[in-house]
Structure formats: structure tokens, C-alpha cells
Amino acid sequence: RSFTDSKRFWSRLHFKNTATTDKKEIIPLTDVVVQSNATAAIKDNLKLDFSQLKPFFKIAVPFFKEDKPARDSLIAVLALTLLNNGISVAFSYISRDFYTALNNRDEHLFFEKIQLFFAVLVLAVPVAVFYRYTREKLSLYWREALTSKVL
């Protein structure tokens with residue numbers, strides 16, 4: 001940030017006294033306005049209208065019951081989604097331990113985490129590719145089914 005950006009930021013601060021202590025909490029005024037608008041928007045969006053899901057289920061349930069490749073693709077997409085998210089969590093923990101080892105100058109742990117990173121990477125790449133392939137294949141099945149149903 002430049003000096004003028006910092007100056008603008010500090011000029012827009014709002015100081016709020018906390019009730020339990022004499023400390024003051026600093027809240028940017030823009031955050032207060034944005035937060036209240038965002039909260040109202042979230043409340044409006046959370047009003048679910050389940051009547052909109054009825055037409056979807058009316059088409060989707062028979063489609064997945066009748067078409068075995070589509071049903072298998074849906075199961076594969078769900079399983080690969082969970083596996084993909086698990087791999088992302090593994091990368092998160094590996095990154096955390098990697099940077100901890102780097103910060104603590106622990107050479108043994110550092111190289112151990114590098115090896116673990118590449119091992120998970122070897123697993124992650126095929127999973128991500130197969131996940132995308134299966135998802136695209138399912139979307140093609142879905143489009144074909146909707147086209148044949150409409151026509």
C-alpha cells in the first residue's frame with residue numbers, strides 16, 4: 001500500500017468502546033456499512049422456495065433411475081468430489097507443516113514434507129483429471145436426456 005492509501009484508511013476509522021473493558025475496538029466505517037448490506041442480502045437469499053426444486057426433481061429422478069451410465073457417473077462425481085476435497089485438505093496440512101519446518105529450520109522435516117507433497121501430487125493429478133472428465137461426461141448425458149425429452 002502506498003502512504004496515501006494508508007492515510008485514507010486511517011481517516012475512515014470508527015472507534016467503538018467495548019462494554020466490558022476500557023479498550024477501544026477499531027472498525028472501518030466501510031466495513032460496518034458493507035456488513036449490514038451483506039447481512040440483509042444473505043437473509044433475502046436464504047429464503048428458499050422449494051417449489052423451484054420440484055420441476056428439477058421431476059426430470060432428474062427418472063433420468064438417474066433409467067440411465068445406468070448417468071447414475072454411475074453421478075456416483076463417481078460424488079465420490080471424486082469427496083476425494084478431491086480430501087486431497088485439498090491433505091495439501092493444506094502438508095503446506096502448514098512445510099512452512100513450519102522452513103520457519104524452524106528443520107532440514108529433516110522440510111525434506112520429508114517435500115517428498116510427501118510430491119507423493120500427494122502424483123495422486124492428486126489423476127484424481128483431478130478423472131473428476132473433470134466424469135463431470136463433463138455426466139453433463140453430456142444430462143444435456144442429451146433433456147434434449148430428447150423436450151424434442
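Remember, it's a predicted structure, so these values are computed and weren't measured experimentally. (Residues numbered from 1 in each chain as written. Predicted model: local features only at pLDDT ≥ 70, side-chain atom pairs only at ≥ 80, totals over all residues. Heavy atoms only, no water.)

Turning to the side chain of Ser73, a few remarks are in order. Counting through the fold element by element, Ser73 comes out in helix α4 (residues 68-104). Residue Ser73 is classed as buried on the basis of its relative accessible area, which comes to 3%. Non-local contacts of Ser73, meaning those with residues more than four positions away in its chain, are made with Thr134, Lys137, Leu138 and Tyr141. (Helix = DSSP H or I, 4+ residues; strand = E, 2+ residues; numbered from the N terminus. Buried < 20%, exposed > 50% of the residue type's maximum accessible area, 1.4 Å probe, protein only. Contact = heavy atoms within 4.5 Å.)

Moving on, we get to a nonpolar patch on the surface. A contiguous nonpolar surface patch, about 490 Å² in accessible area, is contributed by Phe50, Leu53, Phe56, Phe57 and Val61. Mapped onto the elements, Leu53 comes out in helix α3 (residues 53-66). (Patch = residues over 30% accessible without salt bridge, like charges linked within 9 Å, V, L, I, M, F, W, Y side chains within 5 Å. Areas by Shrake-Rupley, 256 points an atom, 1.4 Å probe, with all protein chains shown as cover. Salt bridge = Lys/Arg side-chain N within 4 Å of Asp/Glu carboxyl O.)

Let us look at helix α5 (residues 107-150). For α5, spanning 44 residues, the distance from its first C-alpha to its last is 63 Å, which sits close to the expected 64 Å at 1.5 Å a residue. Restricting attention to buried positions, one finds in α5 the residues Phe110, Lys113, Val120, Ala124, Val127, Tyr131, Thr134 and Leu138. Those residues of α5 hidden inside the fold are in contact with α3 and α4. (Expected span 1.5 Å × (residues − 1).)

What follows covers α4. With 37 residues, α4 should cover 54 Å at 1.5 Å per step; its first-to-last C-alpha distance of 54 Å lies within 8% of that length. Every buried residue of α4 is listed here: Ala70, Ser73, Val77, Leu80, Asn84, Ile87, Phe91, Ile94, Phe98 and Ala101. If you follow the buried residues of α4, they end up packed against α3 and α5. Remark: Arg105 follows α4 within two positions and exhibits a positive phi of approximately 55°.

Attention shifts here to the nonpolar core. Residues Phe64, Ala70, Ile87, Phe91, Val120 and Leu138 are the most contacted members of the largest nonpolar core, which totals 14 residues. Sorting the residues of this core by element identifies α3, α4 and α5 as the ones contributing at least two each. With six residues, α4 is the single largest residue contributor to this core. Once residues within four sequence positions are removed from consideration, Ile87 is found in contact with Val120, Leu123, Ala124 and Val127. (Core = buried A, V, L, I, M, F, W, Y, C linked by side-chain atoms within 4.5 Å.)

Let's shift gears to the packing of α4 against α5. Between two packed helices, the angle of one axis relative to the other and the distance separating the axes together describe the packing. Contact geometry for α4 and α5: axes closest at 8 Å, N-to-C directions at 160°. It follows from the interaxial angle that α4 and α5 lie roughly antiparallel. The handedness of the crossing between α4 and α5 is left-handed. For the contact of α4 with α5, the per-class residue count stands at 27 nonpolar, four polar and four charged. (Axes fitted to C-alpha atoms, helices over the stretch in contact; angles between N-to-C directions. Parallel < 35°, antiparallel > 145°, perpendicular 65-115°, else oblique. Left-handed = near helix turned anticlockwise from the far one by under 90°. Nonpolar A, V, L, I, M, F, W, Y, C, P; charged D, E, K, R; others polar.)

Predicted confidence across the protein chain gives a mean pLDDT of 79, with 68% of residues reaching 70 or more. At the low end of the mean pLDDT range in the protein chain sits strand β1 (residues 13-17), at 48; at the high end sits α4, at 94. Throughout residues 14-18 the model reports pLDDT below 50, and contacts reaching past four residues in sequence, or to other chains, amount to 14 contacts. (pLDDT = per-residue confidence, 0-100.)

Phi is mostly negative for residues that are not glycine, and the peptide bonds are mostly trans. Of note in this structure, Arg105 is not a glycine but carries a positive phi near 55°. Following the sequence through the fold, Arg105 ends up in the loop between α4 and α5. Overall, Arg105 belongs to the exposed group, its relative accessible area being 76%.

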